[in-house]
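# Descriptive analysis of the structure
One letter stands for each residue in the lines below.
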Amino acid sequence: MTTLNGVSIGVIVALVPGALLNNIMKALAPNFGFAQTVLNFTAISAVLLPVVSALCVGLIGKLTPIQSASMVLATAIGAGNIKMTANGLTVAGSGDVINVGVTIFISYILILLLGNRLKSYTILLLPSIILIIGGGLGQLTLHPVGKITQLIGDFIAQVTHLQPILMGILLGISFALIIISPVSSVGIASAVGLQGIASGSANLGIVAASYALAVYGFKVNSLGASLAHIIGSPKIQMANILKKPKVMLPIAINSGILGGLGALLNINGNAMSAGFGFSGLIGPIAALEQGANILTLLVIFIVVPFVLALISHYLFILKWHFMDIKDFTLNYD
């Protein structure tokens with residue numbers, strides 16, 4: 001869980017600047033030179049995803065600076081975005097996110113196994129041991145993990161092409177459940193490279209979950225806390241949902257409906273937008289850039305999820321008493 005949480009934070013920190021700024025800066029670049037500089041900054045940020053992820057895991061796991069830095073070195077080797085060519089080192093992209101997690105996990109286990117056994121020689125030996133063993137194993141897993149990742153992405157793309165509405169329903173449900181779990185929806189979407197309708201449906205599944213959770217608990221939470229589900233992340237309800245997993249049923253229903261409707265309306269997205277939902281307007285902006293009109297976006301991203309949330313609130317809480325509004329109380333004390 002430490003590895004998953006750290007990689008999740010790393011993905012968000014490294015990729016969100018690009019997701020928020022790149023499209024605006026590309027539009028401004030012909031007239032404002034500084035826009036290209038910002039694009040360069042966000043590209044560097046994305047390249048550093050493996051390093052940032054490893055650092056986050058080290059901080060969450062309360063590792064020492066030497067241990068964390070050693071894990072960073074190994075992850076840079078296992079990520080796959082730094083390659084040796086005839087002309088020297090080349091750096092491009094964010095690397096394979098899944099293999100980043102694999103390399104960090106291997107290095108983390110090695111660090112825990114070594115513990116304090118190296119004593120005063122830790123600063124001399126640990127970086128080399130983790131770099132060679134952790135990074136080396138990460139290099140070995142890079143190709144097979146990359147193939148598996150590609151196969152998953154290709155399978156989703158193929159099924160989406162053959163059965164877009166069915167796949168839209170399944171992806172909507174899947175990403176709604178992922179966003180309210182400890183797993184990173186952004187990390188998963190980036191890892192398998194969700195594109196097109198698949199990305200749009202996954203994004204809308206998160207949107208549906210956001211609205212549903214905001215409406216379910218609006219009487220027991222402040223207005224700000226309720227809005228935080230939509231403009232922030234529904235993951236803030238994770239603890240409540242893990243206590244009472246049955247509340248995922250109405251959320252899954254809403255997300256499946258919205259995901260399928262998104263596929264029907266040809267709502268598209270990209271690997272970055274898929275995991276964000278409404279947060280930062282990343283999902284709607286990606287859909288707008290790929291051909292959706294503003295009226296459709298207003299309906300699919302605001303009106304329909306809100307209506308679905310109200311209907312399920314009435315049915316599952318007021319009429320059937322399947323769950324209680326107190327199940328969604330956020331307590332920050």
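See the structure printed just above.
Note on numbering: residues in each chain are counted from 1, in written sequence order. Owing to the predicted nature of the model, reporting of local features is limited to residues with pLDDT of at least 70; listing and counting of side-chain atom pairs is limited to 80 or more, with chain, interface and lining totals taken over all residues. In computing side-chain values, all of the structure's heavy atoms are included and hydrogens and water are not.

### As for the nonpolar core
Within soluble globular proteins, side chains that are nonpolar tend to cluster in buried spots. Core analysis: the largest hydrophobic core is formed by 31 residues, its most contacted members being Val-11, Leu-15, Met-71, Ile-104, Ile-130 and Phe-276. For the purposes of this section, nonpolar cores are sets of buried Ala, Val, Leu, Ile, Met, Phe, Trp, Tyr and Cys residues that join through side-chain atoms within 4.5 Å. Only protein chains enter the accessibility calculation, which uses a 1.4 Å probe; a residue is then buried when its area is under 20% of its type maximum, exposed when over 50%, and partly exposed in between. Of all hydrophobic cores here, the second largest spans 26 residues; its members include Phe-175, Ala-176, Val-247 and Ala-274.

### Quick look at helix 5 (residues 97–114)
Taking 1.5 Å per residue, 18 residues should reach 26 Å; helix 5 reaches 26 Å between its end C-alpha atoms and fits that length. Secondary structure elements are defined from DSSP: runs of H or I of at least 4 residues count as helices, runs of E of at least 2 residues count as strands, and each element is numbered from the N terminus. Of the residues making up helix 5, those classed as buried are Val-97, Asn-99, Val-100, Gly-101, Thr-103, Ile-104, Ile-106, Ser-107, Tyr-108, Leu-110, Ile-111 and Leu-114. The definition of a polar contact used here is a pair of N or O atoms within 3.5 Å, where within protein one atom must be able to donate a hydrogen and the other to accept one, and adjacent residues in sequence count solely through side-chain atom pairs. Put simply, Asp-96 is the residue that caps the front of helix 5, since its side-chain oxygen is 3.0 Å from the backbone nitrogen of Ile-98. Looking one or two residues beyond helix 5, the residue adopting positive phi is Gly-115, at roughly 50°. Take the number of residues in a helix, subtract one, and multiply by 1.5 Å to get its expected span.

### A few points about unusual backbone geometry
Trans is the prevailing form of peptide bonds, just as negative phi is the prevailing case for residues other than glycine. Unusually for a residue other than glycine, Lys-119 sits at a positive phi of about 50°. Locating Lys-119 in the fold gives a position in the loop between helix 5 and helix 6 (122–162). A relative accessible area of 68% places Lys-119 in the exposed class. Positive phi, close to 60°, is recorded for Asn-266, a residue that is not glycine. By secondary structure assignment, the location of Asn-266 is in the loop between helix 12 (248–264) and helix 13 (282–289). For Asn-266, a relative accessible area of 46% puts it in the partly exposed group.

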